[in-house]
Amino acid sequence: MNRPQDNLAVNDFTDRSSQPAVRRLYGEALLAAARKDPRIVALTADLSGPTETDLFRDALPDRFYQVGIAEANMVGMAGGMARCGHIPFVHTFSVFATRRAYDQVAMQLAYPGLNAKVVGFIPGLDTLLGASHQAIDDVALMRALPRMRVLEPAPGQAGEAVQEALAYDGPVYLRLARAGGASAAHPYPAARDGLASLRTGSDGLLLASGLSIPVALDAADELARRGKQLSVVAVTSMKPLNPHIADLARNVPTVVTVENHSIIGGLGSAVAELLMEQKVAVNFARVGVRDTFAYGATTPYLMAEFGLDAPAVVQTFLEQAQRA
C-alpha cells in the first residue's frame, strides 16, 4: 500500500510539470559514490522518488532494496547488511527515520557502531503535510544516541554531505532538504570540520543549520542596513560540534542560533551546552520551533507563523543585543 502524498516528487501539491527540471544533488552524489565503492547499497521505504534513490534504483538495481512501508524492518536489514561488509544508506522522511524506527536505529545501528547511514528528507517545518510528517525533534533524538553522528548540509551541498558521511566508519544521520527547496542552488562555501564562515562582523554571531542558513544570511543583510555587522556561520555537523564555536562566541557580545527544529535538543541546545562548558559569557538566544507542534501549510507561511524566518531572527537579535 502506498502513501500517495509521500510519493510526490516534491512535498507539496503544486503542478510543476511546466517548470525546469531540478538537479537531485543527493541522488547523483550517492550514485557516483556507489559506482566507485561496490559496498554501498541503498534502501528505501516506498519513497524512491522523494528521496532521489530512483537514480540508484535505475542504474544499480542489484544493490537497491525497496522494502515497502516498513521503516523498522528496513533499519534491521541495514544492520545485517553492515555486518556483512556493505555500507547501507537507509532512506525515508526524517520523521519516519527517527520517531518510527528509533529503537531499531539505537539497538541495531548505534549500539554496535555499524557503518550505516540513515538519510532523512523534509526536515522540520519544510512540508505542508502536518505534524505527522514534520520532524522537529529528530536532531535531538539522534544526538542522544552514542556513536551517532548528525549532519545537516547547507542547501545545495548534499553531495559534499555524502562524502562526509562516508568518511566516518560508523552510524550517521544525514538530514536533507528536498530537491528544489529554498535556496538549493545558492553557492555556499564548503564546510570544514562542520563549519563554514559565510559573513564576518563584530556586532554578533548567527549560527545556522540546513534551511535556516539562507534565513540567517537574509537577517544579517537586514541588520547591516540598520548598522549592525554580524558574522554568519553555517553549522553542518551538530554531532560532533566543532569546539571552535566557543572561540567565535568569545569575540562578539551576542550569539543567536537559527534552526528548522525545536529549540529543545537541536542546534541551540548543542551550542548552549558547548558555551557553558567552555565558560563563555555571552548574550545568547535561540530561534526555532518553541516547544509546540505545527500543522499543515506552506513552508514560507510556517516559517513566519512559528518565528523561524528572517524578520524573527532580526527581532530576536535586536532584543538580545539590548541586554548586552
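Residues numbered from 1 in each chain as written. Predicted model: local features only at pLDDT ≥ 70, side-chain atom pairs only at ≥ 80, totals over all residues. Heavy atoms only, no water.

This paragraph deals with the overall build of the protein chain. Along its length, the protein chain carries 12 helices and 12 strands. Burial statistics for the protein chain: of 324 residues in total, 56% are counted as buried. Within the protein chain, contacts between residues separated by at least 24 positions form 79% of all contacts whose residues are at least 6 apart in sequence. When the 29 basic and 32 acidic side-chain charges of the protein chain are each reduced to a single mean position, those positions are 4 Å apart. (Helix = DSSP H or I, 4+ residues; strand = E, 2+ residues; numbered from the N terminus. Buried < 20%, exposed > 50% of the residue type's maximum accessible area, 1.4 Å probe, protein only. Contact = heavy atoms within 4.5 Å. Lys, Arg positive; Asp, Glu negative; His and termini not counted. Charge placed at Lys NZ, Arg CZ, Asp CG, Glu CD.)

Our focus in this paragraph is the side chain of Thr299. Take Thr299: it is sitting in helix 11 (residues 299–305). With a relative accessible area of 17%, Thr299 lands in the buried category. Setting aside chain neighbours within four positions, we find Thr299 in contact with Leu125, Asp126, Thr127 and Arg178.

Right, let's get into the pairing of strand 3 (residues 87–93). With seven of its seven residues buried, strand 3 lies for the most part within the structure. Both strand 1 (residues 40–44) and strand 3 contribute to a ladder of five bridges, which runs parallel. Each residue of the ladder has a partner; that of Leu43, found in strand 3, is Val90. Here strand 3 runs beside strand 4 (residues 117–121); their pairing, made up of five bridges, is parallel. In the strand pairing of strand 4, Phe93 is matched with Phe121. (Pairing = 2+ DSSP bridges.)

To continue, consider the pairing of strand 12 (residues 283–289). Most of strand 12 is tucked away, with five of its seven residues classed as buried. Alignment of strand 11 (residues 254–262) against strand 12, held across six bridges, turns out to be parallel. Each bridged residue has a counterpart across the sheet, and for Val258 the counterpart in strand 12 is Val287. The parallel pair strand 11 and strand 12, bridged by helix 10 (residues 267–277), forms a crossover whose chirality is right-handed. (Right-handed = clockwise from strand over helix to strand, strands pointing away.)

Inspection of every chain in the model, using the stated rule, returns 14 salt bridges. We note a salt bridge from Glu28 to Arg23, for which the minimum N-O separation is 2.4 Å. For Arg226, the salt bridge goes to Glu222, with nearest N and O atoms at 3.0 Å. Given the relative accessible area of 25%, Glu222 is considered partly exposed. Each of the salt bridges in this network shares a partner with another, and the network as a whole consists of Asp138, Glu152 and Arg175. (Salt bridge = Lys/Arg side-chain N within 4 Å of Asp/Glu carboxyl O.)

Turning our eyes to something else, we now look at the packing of helix 1 (residues 25–36) against helix 7 (residues 158–167). Viewed as axis vectors pointing N to C, helix 1 and helix 7 meet at an angle of 40°, and their least axial separation amounts to 7 Å. The angle between helix 1 and helix 7 places the two elements in the oblique class. With respect to the hand of their crossing, helix 1 and helix 7 are arranged in right-handed fashion. The residues of helix 7 that touch helix 1, namely those facing Leu25, Tyr26, Ala29, Leu30 and Ala33, are Ala158, Gly159, Val162, Gln163 and Leu166. Counted by class, the contact of helix 1 with helix 7 contains eight nonpolar, two polar and no charged residues. (Axes fitted to C-alpha atoms, helices over the stretch in contact; angles between N-to-C directions. Parallel < 35°, antiparallel > 145°, perpendicular 65-115°, else oblique. Left-handed = near helix turned anticlockwise from the far one by under 90°. Nonpolar A, V, L, I, M, F, W, Y, C, P; charged D, E, K, R; others polar.)

Another aspect to go through is the sheet that holds strand 8 (residues 204–208). The sheet built from five strands is open, its strands ordered 7-9-8-11-12 with mixed pairing. Every other strand in the sheet has two partners, leaving strand 7 (195–199) and strand 12 as the edge strands with one partner each. Strand-to-strand twist in this sheet, taken as the mean axis angle between neighbours without regard to direction, amounts to 20°. Taken together, the five bridges between strand 8 and strand 9 (residues 230–235) define a ladder with parallel strand orientation.

Below, the discussion takes up helix 8 (residues 212–225). For helix 8, spanning 14 residues, the distance from its first C-alpha to its last is 20 Å, which sits close to the expected 20 Å at 1.5 Å a residue. Restricting attention to buried positions, one finds in helix 8 the residues Ser212, Ile213, Pro214, Val215, Ala216, Leu217, Ala219, Ala220 and Leu223. Elements that come into contact with the buried residues of helix 8 comprise strand 7, strand 8, strand 9, strand 11 and helix 12 (310–321). (Expected span 1.5 Å × (residues − 1).)

Looking now at the side chain of Asp37. Along the polypeptide, Asp37 turns up in the loop between helix 1 and strand 1. The residues touching Asp37, leaving out its near neighbours within four places in the chain, are Arg63 and Ile87.

Let's shift gears to unusual backbone geometry. The omega angle of the peptide bond from Lys239 to Pro240 is 0°, so this bond is cis rather than trans. Here Pro240 shows up in the loop between strand 10 (237–239) and helix 9 (244–250). Positive phi outside glycine occurs at Glu52, with the angle close to 65°. Position of Glu52 relative to the elements: it lies in the loop between strand 1 and helix 2 (54–59).

Judged by pairing direction, the sheet is mixed, and its seven strands sit side by side in the order 2-1-3-4-6-5-10 without closing on themselves. Each end of this open sheet is capped by a strand with a single partner; those strands are strand 2 (64–66) and strand 10. The sheet shows a mean angle of 20° between the axes of neighbouring strands, taken without regard to direction. Examined bridge by bridge, strand 5 (residues 149–151) and strand 10 share two bridges and lie antiparallel to one another. If you follow Val150 over to strand 10, its bridge partner there is Lys239.

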